[in-house]
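The residues making up each chain are set out below.
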Amino acid sequence: MPELPEVETVRRDVDALFTGRTIVDAAVGGPRTLRRHADPAAAVARLRGRRLESAGRRGKFLLLRLDSGEVAVVHLGMSGQLRVGEAGSPRQAHTHLVLTWDRGPELRFVDPRTFGQVWLTSAAVPELAHLGFEPLDEPIGWRGLEQRLAGRRTRIKPLLMDQRFVAGIGNIYSDEILWSAGVAHDREAGSLGGPEVQAVYRSMRSVLSAAVRLRGSSLADEQYRDLAGRIGGYQLRHRVYGRDGLPCRRCGTPILRAKAYGRSTWYCPVCQH
DNA sequence: GTATGTACCTGCGGGC
DNA sequence: TGCCCGCAGGTACATA
């Protein structure tokens, strides 16, 4: 499932390939991808003739800034992909939006489960005002994290996945971060001591940075691919996610899987406290 | 403030 | 082989 590292990988690819180019046509498939707009066809019409000034990211949201001052916001949801394809080449099933540029390949939004969405909004992107801090681009320091955790009685894992608290972390990376930090998923967030907060903060940055370097995680049963259709590399570095029954890479104890917070959670019962 | 459940959706795997 | 069912999970929202 696309989280911060996967969206950042897509952002870099889009920026390298399309920034400075002009959209000459935009075609929308079904209504769900642009469901924020009452009239999806009218919304995509606003893309035509617009030049891409930059591709940015906020949490798991991709921000395509246009020379009109508007921003096309893309969220990949569970199964969304941005893919390139030469004009006239076969399109994948579930291709919901196609952008044609003044030169180069088409940019296609493909999304079987249709949890993803695309919408057009003003430069300030008010819809994203609720998002928490950026774990890589906004170095709040472990003291900053400690302040934000103080008094919180919720469990640490769902808090790391709460986009209002910190932007970009989902089920895969929350498990990986907590294993790396040696902290149990069900610890009360405000109960973490200083060294534990430091460990969570460092792990958050190191795990996400490494995953960005390796262009994200692609699992056998999920859809994530980069623009060219290539898989990521970080799944080879997973320490707990999807590894139930396999030995912990730190202590050898079999990794456990639990159903918690409405999600599958993987953890080491011995070296996470 | 916190916890839990539901809706949205399709592909896949397990069970029969 | 074919059918049915449950599961996977990001976000938003409802309810307790």
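Cut-offs applied
- Residues numbered from 1 in each chain as written.
- Chains lettered and ligands numbered in written order.
- Predicted model: local features only at pLDDT ≥ 70, side-chain atom pairs only at ≥ 80, totals over all residues.
- Heavy atoms only, no water.
- Core = buried A, V, L, I, M, F, W, Y, C linked by side-chain atoms within 4.5 Å.
- Buried < 20%, exposed > 50% of the residue type's maximum accessible area, 1.4 Å probe, protein only.
- Helix = DSSP H or I, 4+ residues; strand = E, 2+ residues; numbered from the N terminus.
- Contact = heavy atoms within 4.5 Å.
- Domains from an automatic or database assignment.
- Buried area = accessible area lost by both parts, 1.4 Å probe.
- Salt bridge = Lys/Arg side-chain N within 4 Å of Asp/Glu carboxyl O.
- Nonpolar A, V, L, I, M, F, W, Y, C, P; charged D, E, K, R; others polar.
- 1 Å grid on protein atoms, 1.4 Å probe; cavity = no way out; pocket = protein on both sides within 12 Å on 5 of 7 lines; lining within 4 Å.
- Points joined across faces, edges and corners; volume = space filled by probe spheres on them.
- Near = heavy atom within 4 Å.
- Polar contact = N/O pair within 3.5 Å; in protein donor to acceptor, adjacent residues only side chain to side chain.

### Digging into the nonpolar core
Then step 1. Counting 39 residues, the largest nonpolar core has Leu 145, Leu 149, Ile 156, Tyr 173 and Met 204 as the members making the most contacts within it.
Then step 2. For this core, the secondary-structure elements that each account for two or more residues are α3 (141-149), α4 (156-161), α5 (171-181) and α6 (194-213).
Then step 3. In this structure, Tyr 173 is in contact with Glu 3, Pro 5, Glu 6, Val 207, Leu 208, Ala 211, Gly 216, Ser 217 and Tyr 234, ignoring residues within four places of it in sequence.

### Quick notes on the domain arrangement of chain A
Many structure descriptions define interface size as the accessible area lost when the parts assemble.
Then step 1. Domain boundaries in chain A define domain 1 (4-128) and domain 2 (141-267).
Then step 2. The C-alpha centroid of domain 2 is placed 28 Å from the C-alpha centroid of domain 1.
Then step 3. Listed by partner, the interface residues are 22 residues for domain 1 and 20 residues for domain 2.
Then step 4. When the two sides are added together, the surface that domain 1 and domain 2 hide from each other amounts to roughly 1,700 Å², 63% of it contributed by carbon and sulfur.
Then step 5. With its nearest N and O atoms 2.8 Å apart, the salt bridge here joins Asp 13 to Arg 215.
Then step 6. At the level of secondary structure, the elements contributing two or more residues to the side of domain 1 that touches domain 2 comprise α1 (4-18) and β5 (81-85).
Then step 7. With eleven residues, the single largest contributor to the side of domain 1 that touches domain 2 is α1.
Then step 8. Class assignment for the residues of the side of domain 1 that touches domain 2 results in ten nonpolar, four polar and eight charged.

### A short note on empty space enclosed by the protein
Then step 1. Tallied over the entire structure, the rule returns five cavities of 30 Å³ or more.
Then step 2. Estimates place the volume of the largest cavity at around 90 Å³.
Then step 3. In this structure, the largest cavity is lined by Leu 47, Leu 64, Ala 72, Val 74, Leu 82, Leu 97, Leu 99, Leu 107, Phe 109 and Val 118.
Then step 4. Only β4 (71-75), β6 (95-101) and β7 (106-110) provide two or more residues apiece to the lining of the largest cavity.
Then step 5. Here the second largest cavity defines a volume of roughly 40 Å³.
Then step 6. If you trace the second largest cavity, you find it lined by Leu 34, His 37, Ala 43, Val 44, Leu 47, Ala 72, Leu 97, Val 118, Trp 119 and Leu 120.
Then step 7. Of all the secondary structure elements, the ones that give two or more residues to the lining of the second largest cavity are α2 (40-45) and β8 (117-121).
Then step 8. For the lining of the second largest cavity, the element with the highest residue contribution is β8, accounting for three residues.
Then step 9. The residue makeup of the lining of the second largest cavity, split by class, is nine nonpolar, one polar and no charged.

### Describing the environment of Met 78
Then step 1. Along the polypeptide, Met 78 turns up in the loop between β4 and β5.
Then step 2. We classify Met 78 as partly exposed; its relative accessible area is 29%.
Then step 3. As for Met 78 and Pro 112, which are separated by 34 residues in sequence, their C-alpha atoms are 9.0 Å apart.

### Focus: the protein's contact with DNA strand B
Then step 1. Around DNA strand B sit Arg 32, His 94, Pro 112, Arg 113, Thr 114, Phe 115, Arg 152, Arg 153 and Thr 154, and that is every residue in its neighbourhood.
Then step 2. Among the atoms of DNA strand B lying within 4 Å of the protein, the sugar-phosphate backbone contributes 70%.
Then step 3. With respect to DNA strand B, the side chain of Arg 152 contributes an N or O atom lying 3.1 Å from a phosphate oxygen.
Then step 4. The separation between a phosphate oxygen of DNA strand B and a polar main-chain atom of Arg 153 is 2.8 Å.
Then step 5. When its residues are assigned to classes, the surface near DNA strand B shows two nonpolar, three polar and four charged.

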